[in-house]
Amino acid sequence: MIEYIPENILRWTRLGMRKSFGGMMEDIVRDYEDIVILAADVASSAGLSRFQSIFPHKFYNIGIAEQNMVGIAAGLAKEGNNVFITSFAPFVALRAYEAVRVLVGYMDLNVKIVALASGLSLGSQGNTHYCLNDLAIMRTIPGMLILSPADCIEAAKCLEFLAGYKGPAYLRLTGIDGTPGVYKGDYCFEPKKNALLREGTDVIILGTGSILNECVRTSRALKQDGISAAVVDVHTVKPLDTDFLNQICRKYQLVVTVEEHSVLGGLGGAVAEYMATAGKHPHLLSIGIQDVFPKTGDYSYVLQQTGLSALQIKERIKQRLETD
Amino acid sequence: MKGKDIRILATEVRKDIIQMTLQAGVNGGHIGGALSSVDILAVLYGAVMNVSAEYPDDTLRDRFILSKGHIALAHYAVLAECGFIARDDMLTFEKSGGEFPTHEEMNIRKGIEISGGSLGYGMSIGVGCALAAKRSDAEYRTYVLLGDGECNEGSIWEAAMAASKYNLDNLTVIVDVNGQQLDGYSADVMPIYDIVQVFQGFGFHVVEIDGNDIAQLEGAFAVRCLGKPIAIVAHTIKGKGIPEIEGKTGWHHASINQEQYESFVKQLEEAK
Ligand SMILES: Cc1ncc(C[n+]2csc(CCOP(=O)(O)OP(=O)(O)O)c2C)c(N)n1
């Protein structure tokens with residue numbers, strides 16, 4: 001079992017979601033005998049080196065062969081194993097996508113895909129290492145559960161949930177080492193239910209992943225300008241919490257989605273698809289990465305380039321409120 | 001490029017790699033696999049390839065495809081030493097908004113043929129380039145540099161099959177066999193039973209050499225075999241040139257401080 005004590009939370013936040021993954025799994029496998037983990041020559045990047053030495057019989061390094069990893073995972077899952085597989089997001093989600101669709105999705109197998117460092121978090125490594133369309137393509141696999149935690153605490157919650165979950169799932173880890181969390185300690189995580197992070201009456205911001213840290217800062221900044229913005233953690237991108245969209249979002253004049261993902265097909269796409277076809281709805285503003293390969297650089301630089309810093313998000317929202 | 005002393009070129013490139021890694025600060029650099037490939041790059045650019053900084057887009061230039069794209073820093077360094085890239089520009093390695101990120105972005109004017117970073121694709125592109133040469137009866141040669149870890153990717157072998165089917169004797173593939181990949185020794189991560197035999201099985205003419213030996217490299221690059229692509233299986237040492245890190249794990253990607261920088265440069269000078 002994972003302990004949500006300050007010491008752990010501090011360590012996770014220092015390491016970031018990606019490098020905390022291995023340590024979290026060390027705690028989780030003690031309660032789940034059937035778990036095996038596969039990595040594609042990124043064990044050290046996923047914080048799995050110690051896991052590998054403690055549980056050598058529960059770990060396989062498949063080498064730099066992501067499609068093969070998905071296939072082996074499918075075989076293991078078919079034979080009753082509870083399989084977690086991992087690589088950097090673009091390689092496990094995009095490179096191996098069709099294998100995921102057919103071998104995991106179509107056959108409805110118990111494989112949990114842990115996508116490391118998605119979004120822009122690999123900074124100076126550049127566009128081959130960014131993953132800005134994984135939500136878009138994973139969403140279109142029927143039956144795929146998609147979780148996108150806001151911070152390390154929530155990533156731990158997601159992993160604990162996935163350990164007991166049976167079926168295809170995609171866990172999107174974002175942020176870098178040191179990205180501040182939005183949760184301060186243990187809390188009650190409800191899968192498939194949006195979580196309200198900040199109350200607000202004028203605008204509602206739906207965010208997903210570590211960018212929620214910026215969204216919370218956006219909301220604080222808007223408050224100083226007299227605008228009350230609610231912030232919501234959409235940790236489950238699929239299935240979308242449509243009750244929440246119906247009952248809560250419809251009360252606002254403007255619904256804003258924020259994601260470290262292309263504006264095409266991700267959270268903004270999912271919300272717009274639903275709202276547009278389910279009757280009268282509030283105005284929608286989708287904030288994410290435009291349809292371009294961004295200029296590369298340090299993480300904070302790329303966030304700035306793509307308009308995803310708290311203050312840029314604030315400006316977009318203010319402009320929109322003025323023109324609506 | 002020809003005429004420059006290859007050994008001196010290789011040492012300069014190694015120094016550049018260390019300097020770039022230092023300048024990159026916390027972003028660090030893929031120093032281990034960069035250093036193992038230096039001699040291969042130095043021989044290619046210093047003695048073998050028909051490329052020129054004056055006419056970087058000459059359609060008859062030889063094509064160099066860096067498939068193990070994470071060692072772009074080594075490529076930037078050799079391109080800088082050969083005049084394709086200004087030194088000051090090279091030192092903007094990994095700087096925000098710059099032209100020289102961790103993984104290179106296609107820029108023919110600067111001698112960069114492809115955008116790299118996702119492993120396993122360079123050989124397919126190389127097959128395409130070589131096929132294009134055959135189609136237009138152009139006399140350039142295509143060189144592809146692969147990592148041995150990278151050869152875990154099935155796409156490498158799909159490309160190998162095609163190279164052989166189309167009798168691409170204008171293609172030379174070099175595998176930097178430094179025996180390591182990201183997570184450590186390939187023997188532990190994902191061994192390839194016998195890479196020489198595998199390439200032979202796919203119809204390549206294989207040359208096996210010490211890939212840190214300039215003379216052996218020059219010999220290997222001169223090999224031709226009518227109707228067959230060439231694979232140079234180049235055994236190297238990860239971290240080559242800096243005794244402190246040679247062959248050690250933990251240097252796939254690293255940041256270094258000023259003290260390490262000075263010590264590494266000293267070790268390089270002494271090892272010369
Ligand atoms: C498709 C893909 N999967 C994973 C990675 C992450 N990665 C970068 S370098 C590397 C190891 C490469 O090993 P090798 O080809 O032997 O290079 P070298 O040891 O010579 O540096 C890995 C797994 C990647 N860049 N691309």
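No experiment lies behind these values; they were computed from the predicted model shown. (Residues numbered from 1 in each chain as written. Chains lettered and ligands numbered in written order. Predicted model: local features only at pLDDT ≥ 70, side-chain atom pairs only at ≥ 80, totals over all residues. Heavy atoms only, no water.)

Participant: Any details on the overall build of chain A? Residues and values, ideally.
Facilitator: When you go through chain A residue by residue, the secondary structure sums to twelve helices and twelve strands. Taken against the 2.2 N^0.38 rule, which gives 20 Å for 324 residues, the C-alpha radius of gyration of chain A at 19 Å falls within 12% of a compact globule. Along the first, second and third principal axes, the C-alpha set of chain A runs to 60 × 40 × 40 Å. Within the span of chain A, comprising 324 residues, buried residues form 61% of the whole. Taking contacts inside chain A between residues at least 6 apart in sequence as the whole, the part at least 24 apart equals 80%. (Helix = DSSP H or I, 4+ residues; strand = E, 2+ residues; numbered from the N terminus. Rg over C-alpha atoms; globule rule 2.2 N^0.38 Å. Buried < 20%, exposed > 50% of the residue type's maximum accessible area, 1.4 Å probe, protein only. Contact = heavy atoms within 4.5 Å.)

Participant: Can you lay out the domain arrangement of chain A for me, pointing to particular residues and giving the numbers?
Facilitator: Residues and elements named next belong to chain A. Assigned domains of chain A: these are domain 1 (9-172) and domain 2 (195-323). Computed from C-alpha atoms alone, the centre-to-centre distance between domain 1 and domain 2 is 26 Å. At the junction of the two partners, domain 1 supplies 29 residues and domain 2 supplies 33 residues. Both faces combined, the contact of domain 1 with domain 2 buries some 2100 Å², and carbon together with sulfur accounts for 56% of it. (Domains from an automatic or database assignment. Buried area = accessible area lost by both parts, 1.4 Å probe.)

Participant: Outline the pattern of salt bridges, listing residues and values.
Facilitator: All names here are of chain A. As enumerated under the stated definition, the model contains 20 salt bridges over all chains in all. Here glutamate 26 makes a salt bridge to arginine 50, at a shortest N to O gap of 2.7 Å. Note that glutamate 26 is positioned in helix H1 (residues 6-29) and arginine 50 in helix H2 (residues 49-54), a separation of 24 residues in sequence. The class of glutamate 26 is buried, set by a relative accessible area of 5%. (Salt bridge = Lys/Arg side-chain N within 4 Å of Asp/Glu carboxyl O.)

Participant: Which residues make up the sheet that holds strand S11 (residues 254-262) of chain A, and what values go with them?
Facilitator: Residue and element names in this part refer to chain A. Taken in spatial order, the five strands line up as S7-S9-S8-S11-S12 in an open sheet, and their pairing is mixed. In this open sheet, the two strands that pair with only one neighbour each are strand S7 (195-198) and strand S12 (283-289). Ignoring which end each strand starts from, the neighbouring axes of this sheet average 25° apart. Pairing analysis gives six bridges linking S11 to S12, with the strands arranged parallel. Within S12, the residue paired with valine 255 across the bridge is leucine 284. Sheet strands touched by helix H12 (residues 310-323): strand S8 (203-208), S11 and S12. Its angle to S12, the strand with the most contacts, is close to 155°. (Pairing = 2+ DSSP bridges. Axes fitted to C-alpha atoms, helices over the stretch in contact; angles between N-to-C directions.)

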